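# Reading the structure
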Amino acid sequence: MSGDPTLERIAQGEGLALCAAGNWTARFAPALERIVSDAEKLRGSRPHIFIDVSQVASLDTFGAWLIERLRRSLSDASAEAEIAGLSANYSSLVDEVRRVGPAPRVVSDPLSISGMLEQIGRTVAGIGGTIIGLVDMLGAVLAASGKVLIHPRSFRLTSTVHHLEQVCWRAVPIVVLITFLIGCIISQQGIFHFRRFGADIFVVDMLGVLVLREIGVLLVAIMVAGRSGSAYTAELGSMKMREEIDALRTMGFDPIEVLILPRMLALVLALPILAFLGAMAALYGGGLVAWLYGGVDPEAFLLRLRDAISIDHFIVGMVKAPVMAAVIGIVACVEGLAVQGSAESLGQHTTASVVKGIFFVIVMDGVFAIFFASIGM
């Protein structure tokens, strides 16, 4: 005999016997799926249905689950299908499969005002939890900074330099390239529209103010949030999954001081440097386009730029940079420490880190805009 699985139907008065034979194992999965699917169509055809498995030569978990699935499919409110002829070797396996409950049905509640209010409440509570987590992390970082100031020898200079290289030096090429292109685009679009009014030279004013006050630092902060913020979350989340952070606590080390403080300090130092380089690249790109596309000589561009901007514009951008860096670092570290023990959780929190980081960067930019306008800068 080939050992192929079979399921023979035998009528017994008002009942029906399904006699299983052969090998009911995962090796014959396609044939077993067809057999069981055909047999499930007999639901409700007879009041009594017996599934005889006495002739089954071999049975594994896959076959046992198919037999249990068939029993459940043929059972209804009036009668329940029974499994007969089960040998002692396979009874424990079938009983174990039988204890597995069916997947719960997901019932979607109809749209209602109470449901909408509940969802709004949950969202507000989630926002509150996020803000509390950020404030808690800020307090922990400040406390760790105080400990380092009191005991300078505990400061991890090597780790800080390593992270400074990762978030600053290695990010210079992409930051300079993107800001250079943005400067070129702003200059080209400005000249294209100002030319209608014969005011090509005013593109220098627009470019200088935008780049130094807003676009330069904001664009660099967004790139850092996507590049370095996501890296921080992934690194800390991986450590959390491998229980390395718990191991640090067991050995008596403070994870905030060992892991987070060097990253935060590196980010706070790196973002002003990147913002400065990005602003210079954007001005250079804008000046190049103004020369080649708008006919503005480099000397005239520099003279107009000197008259259009002041040191206040540069200070505004540089003041924003470290604050935005701190926000990005805190969000990234909070999301990294919130990772649970699964790859799905790591991906979700890494995505949340980037989204929240960019959101809070834009919010902080708006706050700074209101603040500097109120003090006349």
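What counts as what
- Residues numbered from 1 in each chain as written.
- Predicted model: local features only at pLDDT ≥ 70, side-chain atom pairs only at ≥ 80, totals over all residues.
- Heavy atoms only, no water.
- Helix = DSSP H or I, 4+ residues; strand = E, 2+ residues; numbered from the N terminus.
- Contact = heavy atoms within 4.5 Å.
- Areas by Shrake-Rupley, 256 points an atom, 1.4 Å probe, with all protein chains shown as cover.
- Phe/Tyr/Trp six-rings, centres within 6.5 Å; stacked < 30°, edge-to-face > 60°.
- Buried < 20%, exposed > 50% of the residue type's maximum accessible area, 1.4 Å probe, protein only.
- UniProt positions renumbered as here; feature names shortened; annotations may be inferred.
- Domains from an automatic or database assignment.
- Axes fitted to C-alpha atoms, helices over the stretch in contact; angles between N-to-C directions.
- Parallel < 35°, antiparallel > 145°, perpendicular 65-115°, else oblique.
- Nonpolar A, V, L, I, M, F, W, Y, C, P; charged D, E, K, R; others polar.
- Salt bridge = Lys/Arg side-chain N within 4 Å of Asp/Glu carboxyl O.
- Patch = residues over 30% accessible without salt bridge, like charges linked within 9 Å, V, L, I, M, F, W, Y side chains within 5 Å.
- Expected span 1.5 Å × (residues − 1).

## Considerations on the overall build of the chain
Check the secondary structure of the chain and you find 12 helices and four strands. Here the C-alpha coordinates of the chain stretch approximately 105 × 60 × 50 Å along the principal axes. Within the chain, counting contacts between residues at least 6 apart in sequence, those at least 24 apart form 80% of the total. Counting only carbon and sulfur atoms, one obtains 65% of the accessible surface of the chain, whose full area is about 20,800 Å².

## Some remarks on the packing of aromatic side chains
By convention here, two paired aromatic rings are described through the distance between centres and the angle between planes. Tallying each qualifying case throughout the model produces five aromatic pairs. Each ring, one from phenylalanine 276 and one from phenylalanine 314, has its centre 6.0 Å from the other, and the planes form 85 degrees; the classification is edge-to-face. Of this pair, phenylalanine 276 sits in helix α9 (residues 255-292) while phenylalanine 314 is found in helix α11 (residues 311-337), placing the two residues 38 residues apart along the sequence. Using a relative accessible area of 35% as the deciding quantity, one classes phenylalanine 276 as partly exposed. For phenylalanine 314, a relative accessible area of 29% gives the class partly exposed. Geometrically, the ring pair formed by phenylalanine 368 and phenylalanine 372 is stacked, given 5.8 Å between the ring centres and 20 degrees between the ring planes. With a gap of four residues between them, phenylalanine 368 and phenylalanine 372 both fall in helix α12 (residues 343-374), about one helical turn apart.

## Here we look at the UniProt feature "transmembrane region" (unreviewed entry) in the chain
Here, the residues flagged by UniProt with the feature "transmembrane region" (unreviewed entry) are residues 124-150, 170-187, 199-225, 264-293, 314-338 and 358-376. Across residues 199-225 one finds 89% helix and 0% strand; the C-alpha atoms that close the span lie 37 Å apart. Helix makes up 97% of residues 264-293 and strand 0%, whereas the separation of the span's terminal C-alpha atoms amounts to 42 Å.

## Structural notes on the domain arrangement of the chain
Domain annotation of the chain identifies domain 1 (4-97) and domain 2 (128-373). Centre-to-centre, using C-alpha coordinates, domain 1 lies 64 Å away from domain 2.

## Examining the environment of phenylalanine 62
Looking at the secondary structure, you find phenylalanine 62 in helix α2 (residues 61-74). By relative accessible area, phenylalanine 62 is classed as partly exposed at 23%. Separated by 35 residues in the primary sequence, phenylalanine 62 and arginine 27 have C-alpha atoms spaced 9.3 Å apart. Leave out the neighbours within four places in its chain, and phenylalanine 62 touches Thr25, Ala26, Ala29, Leu32 and Glu33.

## Quick notes on the packing of helix α1 (residues 29-39) against α2
The interhelical angle for the contact between α1 and α2, taken along N-to-C directions, is 10 degrees, at an axis separation of 10 Å. If you check the angle between α1 and α2, you find them roughly parallel. Together, Ala29, Leu32, Glu33, Val36, Ser37 and Ala39 of α1 and Phe62, Leu66, Arg69, Leu70 and Leu74 of α2 make up the contact between the two elements. Classifying every residue of the contact of α1 with α2 gives eight nonpolar, one polar and two charged.

## Some thoughts on the pattern of salt bridges
Counted under the stated rule, the structure contains 13 salt bridges. With a shortest N-O distance of 3.4 Å, arginine 170 and glutamate 165 are connected by a salt bridge. Its relative accessible area of 32% is what places glutamate 165 among the partly exposed residues. Across the salt bridge formed by aspartate 246 and arginine 249, the nearest N and O atoms sit 3.6 Å from each other. Of this pair, aspartate 246 and arginine 249 both sit in helix α8 (residues 244-250), three residues apart, which is roughly one turn of that helix. Note on aspartate 246: relative accessible area 37%, which makes it partly exposed. On the basis of relative accessibility, which here comes to 49%, the residue arginine 249 falls in the partly exposed class.

## Brief notes about a nonpolar patch on the surface
Taken together, the side chains of Ile113, Leu117, Ile120 and Val124 define a hydrophobic patch exposed on the protein surface, amounting to about 430 Å² of accessible area. Turning to its location among the elements, leucine 117 is positioned in helix α4 (residues 113-150). The exposed category is assigned to leucine 117, whose relative accessible area is 55%.

## Observations concerning α4
One turn of the α-helix equals 3.6 residues, which is why residues spaced by three or four share an orientation. Helix length check: α4, at 38 residues, gives a terminal C-alpha distance of 56 Å against a target of 56 Å (1.5 Å per residue), a fit within 8%. When α4 is considered as a whole, its buried residues turn out to be Thr130, Leu134, Met137, Val141, Ala144 and Val148. Structurally, α4 contributes buried residues whose contacts are with α9, α11 and α12.

## Comments concerning the environment of valine 209
Locating valine 209 in the fold gives a position in helix α7 (residues 202-241). Here valine 209 falls in the partly exposed class, since its relative accessible area comes to 28%. In this structure the C-alpha to C-alpha distance between valine 209 and alanine 308, which are 99 residues apart in sequence, comes to 7.7 Å. In contact with valine 209, not counting residues within four places along its chain, are Glu214, Ala308, Ile309 and His313.

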